[in-house]
Amino acid sequence: MDFYLGLAQIIGVHTLLGLSAYCVLLTGQVSLAQAGFFAIGAYVAGMLTVLAGWALVPALLVAALVSGLVACAVGFPALRVKGLMLVVATTAFGEAVRLFFFNFTYQVDAGNLKLGPHGAEGFRQIRYFPENGWSTLDVVIFIWTVVALVMAALWWLDRSRAGAVMRAVGEDELAAQSTGINITAVKVSAMTIGGLIAGIGGGIFAHYTTHIEHVQFGVALATFAIAYPILGGLSSVFGTLLAVIFIQGFLIEGLRFMGDWRNLLFGGLIVLAMNVRPRGLLDPRASALLRRLFAGRRQAPPLSRKEAPGA
Amino acid sequence: MLELQGLTKHFGGVRAVHDLQLQVRQGEVLGLIGPNGSGKSTTVNLICGLFPLTSGRVIFNGQDISDRPPHERVALGIARTFQNIRLFGQLTVWQNLWVAQNSAEQRRQNPAKRWLGGGGSTREQIGRVLEFFDLAHKCDELAGSLAFGEQRRLEFARAFASSPSMLLLDEPAAGMNAEEIDQLDARIRKLREDGMSILLIEHHVELVMSVADRVAVLNFGQKIADGPPADVQNDAGVRAAYLGTAATA
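Residues numbered from 1 in each chain as written. Chains lettered and ligands numbered in written order. Predicted model: local features only at pLDDT ≥ 70, side-chain atom pairs only at ≥ 80, totals over all residues.

K.L.:
I'd like a description of the overall build of chain A, backed by residues and values.
P.N.:
Of regular secondary structure, chain A possesses 14 helices and three strands. By the compact-globule yardstick of 19 Å for 311 residues, chain A fits well, its C-alpha radius of gyration being 20 Å. Its C-alpha atoms give chain A principal-axis dimensions of about 75 × 45 × 35 Å. Here chain A holds 311 residues, and the buried ones make up 47% of them. The long-range share in chain A, meaning contacts at least 24 apart out of those at least 6 apart in sequence, stands at 77%. (Helix = DSSP H or I, 4+ residues; strand = E, 2+ residues; numbered from the N terminus. Rg over C-alpha atoms; globule rule 2.2 N^0.38 Å. Buried ≥ 20, exposed ≤ 12 C-beta atoms within 10 Å, placed from the backbone. Contact = placed C-beta atoms within 7 Å.)

This is the structure in structure tokens:
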């Protein structure tokens, strides 16, 4: 049972990470900086609960805010470049954040042990959950409540005009500009929202692992972050969730019995999945089908239905 | 209304547009014609601010907008269509018009309503645009799945959705059949009646001669004629530009 609870924690946190990249990807930007925002969230939230003695929820909110602000600041210069150049720029930022925490030491004496981030050794003893008597199940419920809230907010954003504008920018920047959309503002906003979500995810991650260090936030994590929405498809937030379950649940945990062959198969299956479903596991057709199944006659977008004269 | 003063754009050594003087008056349809590569589309791109001017000025309603970014020009009331259709293919017809609601007046709406809701006036406005462009029955379809003529219509509608006072139509009749061109002709006339100023770039000479109040002709980035359609049609220089002069023929 503990195994499944642990898996549920990983999937929850990685869903948040994937959603942060989803948001940025909607505007057509491939960002490898999400692991950096995730790291900032993890360290900030950890320091607030361990060193400042804050409760978890306010610590997570502040962590999200800090990551969001950094994302906003990074967004302005980074989004001036496009395509591969943006990938390079955001990768560089992610590595810079990682190396910052590699060198960052801020420890406080607490009786017989020192608490706080300690450079390459990392940040140990983030013991908020055990100290406050949370069981693993409590933690899982907490994580998935947050995931559900974030997904609901993004789902709603996606249905709004803001979502349509983000997708318009993602499809054709020139046309978007020419219809009066301020594309810089849209892209930076998406980056900021992505930063906020990654910050929350990182903050939760720090608390359930109790020990974070710089190596966890490298290029591999950044690649995972962007792989989830790409594999899952951009038609809705559920695609990302599905991709996280597929990768973390099936490819990483489910294939463990295969030993070292797993890594080979892992890559192969992703290639296969992308070939079979080039627009993502949950592509527009699949999501339209699901919507029809669940929503009955009321189809999205609900706004336009009533308006069409003669429809 | 719209005035181009010495508009110049050089791409390296290529003089795409050179020292162009052009005026579009309030409620006027100005036809802009010229052989391929004469700088018509570049002119539209410069008016929209898609790239910086080499020199010259763009004046709109008495205001110098030469340094304004594209989205601000839309807010001021200049909207355009593209020669090669550029719709948001993964968005529905409705959404294509929804995202285009960017006029100054629409921007003044309560931001929460503007970005997250879709206020009553927005719906009504889009409904009217859909009806005017005969797209109401396609409202929930993806723009990318429309037929060619419908896509052209939707692009025109999208430009119109930001309630502009000046429309730049870059070859709106390209690839359309005779019936569709007639409808386009009627729509342009209707818009002009309502006071819209239109810059119409078109290869389809019949359409231009039919709806334009005035026609300007570009050749090698420079204006070679400007006047009522009938005069321009008989202009010797224009004939030479299109057909070649006796010396080169």
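Still more to cover.
K.L.:
Hey, could you go over the domain arrangement of chain B for me, with residue numbers and the actual values?
P.N.:
All names here are of chain B. With domains assigned, chain B is organised as domain 1 (1-77 + 165-249) and domain 2 (89-159). Taken together, the contacts link 10 residues of domain 1 with nine residues of domain 2. If one sorts the elements of the side of domain 1 that touches domain 2 by residue count, helix α2 (residues 70-76) sits on top with four residues. Looking at the side of domain 1 that touches domain 2 residue by residue, the classes come out as six nonpolar, three polar and one charged. (Domains from an automatic or database assignment. Nonpolar A, V, L, I, M, F, W, Y, C, P; charged D, E, K, R; others polar.)

K.L.:
Which residues make up unusual backbone geometry, and what are the values?
P.N.:
Residue and element names in this part refer to chain B. Residue Asp-19 is not a glycine yet carries a positive backbone phi of 50°. Of note, Asp-19 is situated in strand β2 (residues 14-24). Residues other than glycine seldom take positive phi values, yet Phe-220 does so here, at roughly 50°. With 16 C-beta atoms counted inside 10 Å, the residue Phe-220 sits in the partly exposed group.

K.L.:
Please provide a residue-by-residue account of helix α9 (residues 183-209) of chain A, values included.
P.N.:
All names here are of chain A. Here α9 spans 38 Å end to end across 27 residues, near enough to the 39 Å set by a 1.5 Å rise per residue. With respect to burial, α9 is a largely interior element, 23 of its 27 residues being buried. With its phi angle positive at about 65°, Thr-210 sits one or two positions after the end of α9. (Expected span 1.5 Å × (residues − 1).)

K.L.:
Now, about the interface of chain B and chain A: what can you tell me, with residues and values included?
P.N.:
Across the boundary between the two partners, chain B contributes 33 residues, which contact 25 residues of chain A. When its residues are assigned to classes, the side of chain B that touches chain A shows 16 nonpolar, 10 polar and seven charged.

K.L.:
Please provide a residue-by-residue account of the packing of helix α2 (residues 34-50) of chain A against helix α3 (residues 56-78) of chain A, values included.
P.N.:
All names here are of chain A. Between α2 and α3, whose axes approach to 8 Å, the crossing angle comes to 145°. Regarding α2 and α3, the two cross each other, and that crossing is right-handed. Each of Phe-37, Ile-40, Gly-41, Val-44, Ala-45, Leu-48 and Thr-49 in α2 lies in contact with α3, whose residues at this interface are Leu-56, Ala-59, Leu-60, Val-62, Ala-63, Ala-64, Val-66, Ser-67, Val-70 and Ala-71. For the contact of α2 with α3, the per-class residue count stands at 14 nonpolar, three polar and no charged. (Axes fitted to C-alpha atoms, helices over the stretch in contact; angles between N-to-C directions. Left-handed = near helix turned anticlockwise from the far one by under 90°.)

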